[in-house]
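Examination of the molecular architecture
Below, each chain spelled out in residue letters.
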Amino acid sequence: MLRETIKHITRRIREGMLKDMLLQTKWIYGYARRYWLAIIFYTLIGLVGTAVSLGSSLVSKDLVDIITGHQTGALLRTFCAMIGLALGSTLMNQASSYVSNWISMKVDNEIKADIFAKMLVTDWESITSYHTGDLLTRWSSDASSLSNGILNWIPSLIIHSFRFISAFAIVIYYDASFAIFSFVGIPVTLLMSKTLMNRMINNNKKSAALNARMSGFNQEAFSNIQTIKAFDLIPLYIKYLKELQTEYLTMRMDFQKLSMVSSILMSVVGLIVSYSSYGWGIYRVWDGVISYGTMTMFLSLSGTLTGTLNSLISLVPNAIGLTTSAGRLMDILDMPKEDYSQDEAVLSFLQKYRDQGIGVDVSDLSYTYRGGAQVFEHASLTAKPHEVVALVGPSGEGKTTMLRLILALLTPQSGTISFHSSPSGGGETLPLSPSCRKLFSYVPQGNTMFSGTIAENMRNVKPEATDDEIIAALKTACAWEFVEKLPDGINNPIKERGGGFSEGQAQRLSIARALLRKSPILLLDEATSALDTATEHRLLQQIQSDPYPRTCIVTTHRREVLSICDRIYRIEKKQCSIIDLCSQGSNTSL
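This text gives an overview of the structure that appears in the document. What you see is a predicted model, and the numbers here were worked out from it, not measured in a lab. (Residues numbered from 1 in each chain as written. Predicted model: local features only at pLDDT ≥ 70, side-chain atom pairs only at ≥ 80, totals over all residues. Heavy atoms only, no water.)

**A word on the overall build of the chain**
Along its length, the chain carries 19 helices and 12 strands. Of all 590 residues assigned to the chain, the portion counted as buried reaches 44%. When contacts within the chain are restricted to residue pairs at least 6 apart in sequence, long-range pairs at least 24 apart make up 78% of them. (Helix = DSSP H or I, 4+ residues; strand = E, 2+ residues; numbered from the N terminus. Buried < 20%, exposed > 50% of the residue type's maximum accessible area, 1.4 Å probe, protein only. Contact = heavy atoms within 4.5 Å.)

Right, here's the structure in full:
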């Protein structure tokens, strides 16, 4: 048994388990040191509670001895002391519970806010490799495990150690022979803890992964109810959910069986210890060595010692669970972070050149998706203020990818993307960085409206916007014509994912929101695909005729859009080539 255990531990160390746990513990410490005052508070509360509990045991002993005549003393005073300790313990428990809950929720909120902020600045391409359901599970469940562990693990270690040592010292002081019974169950407890620990490590990982799958499944199902109904997929999705639930139930019940057997064994051991202590206590009282009060105190402290020892041993799997949660969070938070160190330089550039406009230069750019095919090879394009530049080409050739590169969501392997201050090109330039997103308004493909009112959606990009400014943007985007007819106008509610509005209306609201921001550069990614040709043409003409010196880049498959564009780039075969639509002929595919 010992040899197999040593082999198992050695193998796990070689696999890097110990190294990973040390790294995870160090990472947890980075959060724990922020809350050392809260940890000290939790520890002091626990120590005071332990002292009161031990004091009650001693007072209870004296009370029994006074009643049975083994000891003389003031019965009323001892009885009052016992009641006082009980009331004091109750009041302290309630007060500490209130304060502890407040601290716990505050720390949980702060840690989740910090992790949320770090997730948002994580490299976009890296974090999108995770399912949003998995990210949500890590942010909610694992972050809560982290906050609870930080506040409770060290205080629990100190409190249980203090309780065990204090109770053991009292037992030794009055009758050392009783200490033997407190340690009868230790071998069984250690054996059960070792077995449970190994199973818990695997169970924690499987449970977290399965929770993430279930969260992702539920999120996608609820987000796509329309599609599920339209394809009559309701029975299929109910079947999928039941399969996931069955898998989760089987995993949890397998672990529960082991826990049940362990609990039964521990209970049996506890009964053996208790009745052995009880029998030994009767013998010692019968022999005249101890009093009735001392026996009752020993019986109480024997349970305290056994329970405290079990609690100390349980801290090991608790620590493993905590490091498991920390490791899942580290997987996300240790990804590359976006660099926002150029915020001040970008703001200065924006303030200096906002009134004359800012153009875009893409030069000799090459990009390959991680683990994927190459999308661009030495591609170049230019867009200037007051221009509408179109990107056309077959689906999947890189139009959306180009916009993501310009937005610094993706990083090219070679080439440059920069911004220039001169309407004719040249002038002062600003290199691309995540900070440069302050220069953009962006309308991606699909519905990007949030739940809330129209005005709230608009003010997401410009909190100080007046109602008149919002209405002006809606007019430019050809959205005011239907918004003004709504019961509450700009204060009319929007459901989740733009519910309550057609795709064309939602697109116009998205464009209005982008225009309200008054950014020097506007990116429209198939943003007018749901509009009829006349509305689309009128909207783009109004954007083009706006006196604001805006640089506009659009991706489209519609030939009608191109008639108002100043320049057209065809993205195909990893290149960006300027095309003359007239020379291409009216039947040429875009």
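**Looking at a nonpolar patch on the surface**
Among the surface-exposed residues, Trp-36, Leu-37, Ile-40 and Leu-44 lie close enough to one another that they form a single nonpolar patch of about 430 Å² accessible area. With respect to the helices, strands and loops of the structure, Ile-40 is situated in helix α3 (residues 36-68). (Patch = residues over 30% accessible without salt bridge, like charges linked within 9 Å, V, L, I, M, F, W, Y side chains within 5 Å. Areas by Shrake-Rupley, 256 points an atom, 1.4 Å probe, with all protein chains shown as cover. Salt bridge = Lys/Arg side-chain N within 4 Å of Asp/Glu carboxyl O.)

**Quick word on helix α15 (residues 467-476)**
An α-helix turns once per 3.6 residues; consequently, residues spaced three or four apart project the same way. Every buried residue of α15 is accounted for by Ile-470, Ala-473 and Leu-474. Buried residues along α15 cover an arc of 100° about the axis, so they all sit on one side. Tucked inside the fold, the buried residues of α15 contact α14 (454-459), α16 (480-483) and α17 (503-516). Count one or two residues on from α15 and you reach Cys-478, which has phi positive near 60°. (Arc of directions from axis to C-beta.)

**Brief notes about the packing of helix α6 (residues 132-174) against helix α11 (residues 292-333)**
One can describe the packing of α6 onto α11 by two numbers: an axis separation of 7 Å at closest approach and a directional angle of 155°. In terms of their interaxial angle, α6 and α11 are classed as roughly antiparallel. Of the two elements, α6 crosses α11, and the hand of that crossing is left-handed. Residue composition of the contact of α6 with α11, by class: 22 nonpolar, 12 polar and six charged. (Axes fitted to C-alpha atoms, helices over the stretch in contact; angles between N-to-C directions. Parallel < 35°, antiparallel > 145°, perpendicular 65-115°, else oblique. Left-handed = near helix turned anticlockwise from the far one by under 90°. Nonpolar A, V, L, I, M, F, W, Y, C, P; charged D, E, K, R; others polar.)

**Structural notes on the sheet that holds strand β4 (residues 414-420)**
If you walk across this open sheet you meet the four strands as β2-β1-β4-β5, and the pairing is antiparallel. The open sheet terminates on both sides in strands that have one partner only, identified here as β2 (374-383) and β5 (429-431). Pairs of neighbouring strands in the sheet enclose a mean axial angle of 20°, with direction left out of account. Looking at chain direction, strand β1 (residues 359-368) and β4 are connected through six bridges and run antiparallel. Among the inter-strand pairings, Asp-361 is bridged to a residue of β4, identified as Ser-418. (Pairing = 2+ DSSP bridges.)

**Some thoughts on the pairing of strand β12 (residues 575-578)**
Judged from the four bridges that link them, strand β11 (residues 567-572) and β12 form a sheet pairing that is antiparallel. Note on β12: the bridge partner recorded for Tyr-569 is Ile-578. Adjacent in sequence and paired antiparallel, β11 and β12 are bridged by two residues, among which Lys-573 carries a positive phi angle near 55°.

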